[in-house]
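The primary structure of each chain is shown beneath.
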Amino acid sequence: MWGLLLALAAFAPAVGLGLGAPGASVLGLAPPATTEAPGSTLAPRSSPAQPPAGRANGTSEQHIRIRVIKKKKVIMKKRKKLTRPSPRVTARPLVTTSPAGTLNLTEKQEPGCPPLGLESLRVSDYQLEASTSQSFGLGPHRGRLNIQSGLEDGDLYDGAWCAEEQDSEPWLQVDARHPVRFSGVVTQGRNSVWRYDWVTSYKVQFSNDSRTWWGSKNHSSGMDAVFPANSDPETPVLNLLPEPQVARFIRLLPQTWLEGGAPCLRAEILACPVSDPNDLFPEASVLGSSDPLDFRHHDYKAMRKLMKQVNEQCPNITRIYSIGKSHKGLKLYVMEMSDHPGQHELGEPEVRYVAGMHGNEALGRELLLLLMQFLCREFLRGDPRVTRLLTEMRIHLLPSMNPDGYETAYRRGSELVGWAEGRWNHQGIDLNHNFADLNTQLWEAEDDGLVPHTVPNHHLPLPTYYTLPNATVAPETRAVIQWMKRIPFVLSANLHGGELVVSYPFDMTRTPWAARELTPTPDDAVFRWLSTVYAGTNRAMQDTDRRPCHNQDFSLHGNVINGADWHTVPGSMNDFSYLHTNCFEVTVELSCDKFPHENELPQEWENNKDALLTYLEQVRMGIAGVVRDKDTELGIADAVIAVDGINHDVTTAWDGDYWRLLTPGDYMVTASAEGYHRVTRSCRVTFEEGPVPCNFLLTKTPKERLRELLATGAKIPPDLRRRLERLRGRKN
């Protein structure tokens, strides 16, 4: 195996195996880091400045012997090793020439093409074929970049396409359904917790009818190009073709693979659309949106610039503020949108969207940047739905909770970032496991019968260990916790990527060490309602023809799931929000592709636009009101709102206003505060839009009135004196 790699290394200058010229922009993003197999040396891809190789260009020749190992056969081949002088400047032709009898479509050459859509599922299962497959779970439909396997080998959801061991000429084929200009291939090995399988080199062929095929050739030798593939299962490896090819079909033909393993791979194909003036093929679906928004990926500087532009365009309804800094010092910017930004208005709920907790899950970040642009634009146009949103609530958008991780992922690019790079913050902390575990202390107190009389069922305090100076708490996590304490949030969604499902609390299993277990909250009906609202208005989740992303078909349950019943997540932000604040929060997994290419952003925006707006409108569901002092009519802060039959309370904000999310029904609601007599009343929640008003007037207890009078030196009124005397008489 290593002999082959060393041989390929020596052969690389001759055959032109490469990942692109240094500094070349791939997919319109930042230049990716070159990934090489150990021991190999890759020559740069030919560029317009490089002439074809040959003696006419002053190229010297040397004969070398290449030892190629294929299926236990050793073949000695003699090839010419070419040494290039300084290249002359020549122009690459704008016409892609295919073999005789094939299509020849004129198209301008570009440095990179977008993905065809294996990872994002735009390429359907029937467009994928293979020479053989070890099993259905290792069929060609599983050969998609970043696809994740199930826990068991041999099930229907394995982690790659794998050819049969006796297949002497394995291949994986993709049908683009119409002619495209293929420009590159990205590969990975098999995703598995039990096996190691990956392809180390492969060839590429093309066809327009799936019968006649031609290979990708090297400029220098004219031989079929052999591309270096993977040296581990997960790192994506990009190979740009020496010359882009216009065709309908593309085949990847593994040549070598890990010793003792099988030819297994996951792939993404890079391809640009081409014109079809004769309308010979069905028109390709166009990903687009009619909204004139900035559909591209934004690094930290570009994000700041865009947010500033939105603020300048809509200064009366926007405010930008920072809640803290990342470990590397990048600010966590929030865009606030309201008709009176910068202040909490009595009776108006506070809502938030948080994205980018995992830095490599980039779609949520871009959706929030698109949402702020859209709200600004539609408010200026007088759209009634948007106007009502901004006048009835205060919206906070945090597009990047983990900017350090995002910058890492952004530098790699959408197709090369892989499944995990950039997920954690700069300290290596997973922010979605970094919040205080309040679940355990609540459940232990419940088991001891201490809730709610001794231990509250809401606003649980931070554990002592979590507040120590040496506690492993990321600065990003601390910033968000302080943000939660400053603003009385009612509703939130945490935007993630890598699946198509909405999960709701609890995220942590109640049984210790259980990997998954249904663990509902006392507000399970509300959380299922909120989750169903988003899933039911998300276009991708409602597409009945789509296939599952990885290894679970969430569409069987309406694309919603209890978080703990999916997989346990101790220290999640959703559970913390519910137990430490008034806020109800769910996690939205937005797309199978964690970092979709920017040409897919318009369609992703259309998939999620209505869901993002409809979810915000759910803050009107339930009851809302103000708890006031009966004598002074001033609002009472931190009054407790308890609903009979639901073992979870909420509290009022500093002005005495509150919001309690509830599904339709009749409820007995009690308001209580220290120093006041509690009051209970009936509140009916209907299906009509808007929170049902449920206000309370509380009367001070005699003890509290006496304390206030004594503190001010005022005379005790006769009615209070008589009540105090009666109370003393009862004690005697």
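Scroll up to find the structure.
The sections below set out a description of the structure shown in this document.

Analysis parameters
Residues numbered from 1 in each chain as written. Predicted model: local features only at pLDDT ≥ 70, side-chain atom pairs only at ≥ 80, totals over all residues. Heavy atoms only, no water. Salt bridge = Lys/Arg side-chain N within 4 Å of Asp/Glu carboxyl O. Helix = DSSP H or I, 4+ residues; strand = E, 2+ residues; numbered from the N terminus. Buried < 20%, exposed > 50% of the residue type's maximum accessible area, 1.4 Å probe, protein only. Pairing = 2+ DSSP bridges. Axes fitted to C-alpha atoms, helices over the stretch in contact; angles between N-to-C directions. Contact = heavy atoms within 4.5 Å. Disulfide = S-S within 2.5 Å. Phe/Tyr/Trp six-rings, centres within 6.5 Å; stacked < 30°, edge-to-face > 60°. Lys NZ or Arg CZ within 6 Å of the ring centre and 35° of its normal. Core = buried A, V, L, I, M, F, W, Y, C linked by side-chain atoms within 4.5 Å. Domains from an automatic or database assignment. Parallel < 35°, antiparallel > 145°, perpendicular 65-115°, else oblique. Left-handed = near helix turned anticlockwise from the far one by under 90°. Nonpolar A, V, L, I, M, F, W, Y, C, P; charged D, E, K, R; others polar.

1. Quick notes on the pattern of salt bridges
So, point 1. By the definition in use, this model includes 37 salt bridges.
So, point 2. For R266, the salt bridge identified is with E234, shortest N-O distance 3.1 Å. Residue R266 is located in strand β10 (residues 264–273), and its partner E234 is located in the loop between β8 (227–228) and β9 (237–257); the two are separated by 32 residues in the primary sequence.
So, point 3. Its relative accessible area of 0% is what places R266 among the buried residues.
So, point 4. One salt bridge in this structure joins K609 and D291, with 2.9 Å as the shortest N-O distance. Taken together, the residues K609 in helix α12 (residues 601–617) and D291 in the loop between β10 and α2 (300–313) connect sequence positions 318 residues apart.
So, point 5. The class of K609 is buried, set by a relative accessible area of 17%.
So, point 6. Residues joined by salt bridges that share partners form a network here, namely D158, R190, R195 and D197.

2. With respect to unusual backbone geometry
So, point 1. A cis amide bond links V451 to the next residue, P452, at an omega of 5 degrees.
So, point 2. Take P452: it is sitting in the loop between α6 (439–447) and α7 (464–467).
So, point 3. A cis amide bond links P505 with the next residue in sequence, F506, at an omega value of 0 degrees.
So, point 4. Along the chain, F506 turns up in the loop between β16 (501–504) and α9 (524–537).
So, point 5. In this structure, L121 takes a positive phi of about 75 degrees despite not being glycine.
So, point 6. With respect to the helices and strands, the residue L121 is situated in the loop between β2 (73–83) and β3 (128–130).
So, point 7. We classify L121 as buried; its relative accessible area is 18%.
So, point 8. The phi angle at D638 is positive, at roughly 60 degrees, despite the residue not being glycine.
So, point 9. Positionally, D638 belongs in the loop between β19 (623–629) and β20 (640–643).
So, point 10. On the basis of relative accessibility, which here comes to 56%, the residue D638 falls in the exposed class.

3. Points about the sheet that holds strand β11 (residues 318–325)
So, point 1. The 8 strands lie next to each other as β11-β12-β14-β13-β15-β18-β16-β17, forming an open sheet whose pairing is mixed. Strands at the two margins of the open sheet, each flanked by one partner only, are β11 and β17 (560–562). Across the sheet, the mean angle from the axis of one strand to that of its neighbour is 20 degrees, orientation sign disregarded.
So, point 2. The pairing of strand β13 (residues 350–355) with strand β15 (residues 489–496) spans 6 bridges and is classified as parallel. Bridge assignment links R352 to a residue of β15, and that residue is S492.
So, point 3. Where helix α3 (residues 363–381) meets the sheet, its contacts fall on β12 (331–337), β13, β14 (394–398) and β15, and the angle it forms with β13 comes to roughly 140 degrees.

4. Examining the state of the cysteines
So, point 1. Tallied over the full model, the rule gives 5 disulfides.
So, point 2. Between the sulfur atoms of C314 and its disulfide partner C376 the distance amounts to 1.9 Å. Where C314 bonds to C376 through sulfur, the torsion about that S-S bond is close to 85 degrees, and the disulfide is right-handed. Of this pair, C314 sits in the loop between α2 and β11 while C376 sits in helix α3, and the two are 62 residues apart along the sequence. Accessibility assignment for this pair places C314 and C376 in one class, buried.
So, point 3. Paired by a disulfide, C549 and C592 hold their sulfur atoms 1.9 Å apart. For the disulfide bridge between C549 and C592, the dihedral angle about the S-S bond is near -65 degrees, and by the sign convention the bridge is left-handed. Of the two residues, C549 is situated in the loop between α9 and β17 and C592 in the loop between β18 (584–589) and α12; the sequence distance between them amounts to 43 residues.
So, point 4. Note on C549: relative accessible area 3%, which makes it buried.
So, point 5. Should the bonded cysteines of the chain be numbered as they appear in the sequence, the pairing reads 1-4, 2-3, 5-6, 7-8, 9-10.

5. Concerning the sheet that holds strand β23 (residues 665–672)
So, point 1. The 4 strands lie next to each other as β21-β20-β23-β24, forming an open sheet whose pairing is antiparallel. Each having just a single partner strand, β21 (646–651) and β24 (679–685) make up the two edges of the open sheet. Averaged over all neighbouring strand pairs, the angle between strand axes comes to 30 degrees, with direction disregarded.
So, point 2. Of the strand pairs in this sheet, β20 and β21 are connected by 3 bridges, and their pairing is antiparallel. From the neighbouring strand, V640 faces β21, where its bridge partner is T651.

6. A word on the packing of aromatic side chains
So, point 1. Here the structure, examined in full by the defined rule, presents 21 aromatic pairs.
So, point 2. Ring geometry for W483 and F489: centres 5.1 Å apart, planes at 75 degrees, overall edge-to-face.
So, point 3. Among the aromatic residues, ring-to-ring pairing joins W443, F506, F527, Y578 and F584 into one connected group.
So, point 4. For the cation-ring pair, R251 lies above W171, with the distance from its terminal atom to the ring centre recorded as 3.6 Å.

7. Details of the nonpolar core
So, point 1. Counting residues in hydrophobic clusters, the biggest one holds 102 residues, and the most contacted among them are M337, Y353 and W483.
So, point 2. If you tally residues by element for this core, the top one is α3, at 10 residues.
So, point 3. Shared between two domains, this core holds at least three residues of each, these being domain 2 (300–619) and domain 3 (623–700).
So, point 4. Not counting the four nearest positions on each side in its chain, Y353 is found in contact with L368, L371, H396, L397, L398, A493, L495, A611, L612, Y615 and L616.
So, point 5. The next biggest cluster of nonpolar side chains, apart from the first, holds 29 residues, and it includes L116, L128, A225 and A229.

8. Some details on the pairing of β19
So, point 1. Counting buried residues in β19 gives 6 out of 7 residues, a clear majority hidden from the surface.
So, point 2. Of the strand pairs in this sheet, β19 and strand β25 (residues 692–693) are connected by 2 bridges, and their pairing is parallel. Bridging across to β25, I623 finds its partner in V692.

9. Concerning the packing of α9 against α12
So, point 1. Put simply, α9 and α12 touch, their axes get as near as 8 Å, and they point 150 degrees apart. Classed by the angle they form, the pair α9 and α12 counts as roughly antiparallel. Crossing hand, α9 versus α12: right-handed. Along the contact surface, α9 presents L530, V533, Y534 and T537, while α12 presents N607, N608, D610, A611, L612, T614 and Y615.
So, point 2. Split by residue class, the contact of α9 with α12 holds 6 nonpolar, 4 polar and 1 charged.

In short, the description is geometric, and any link to function would need to be established separately.
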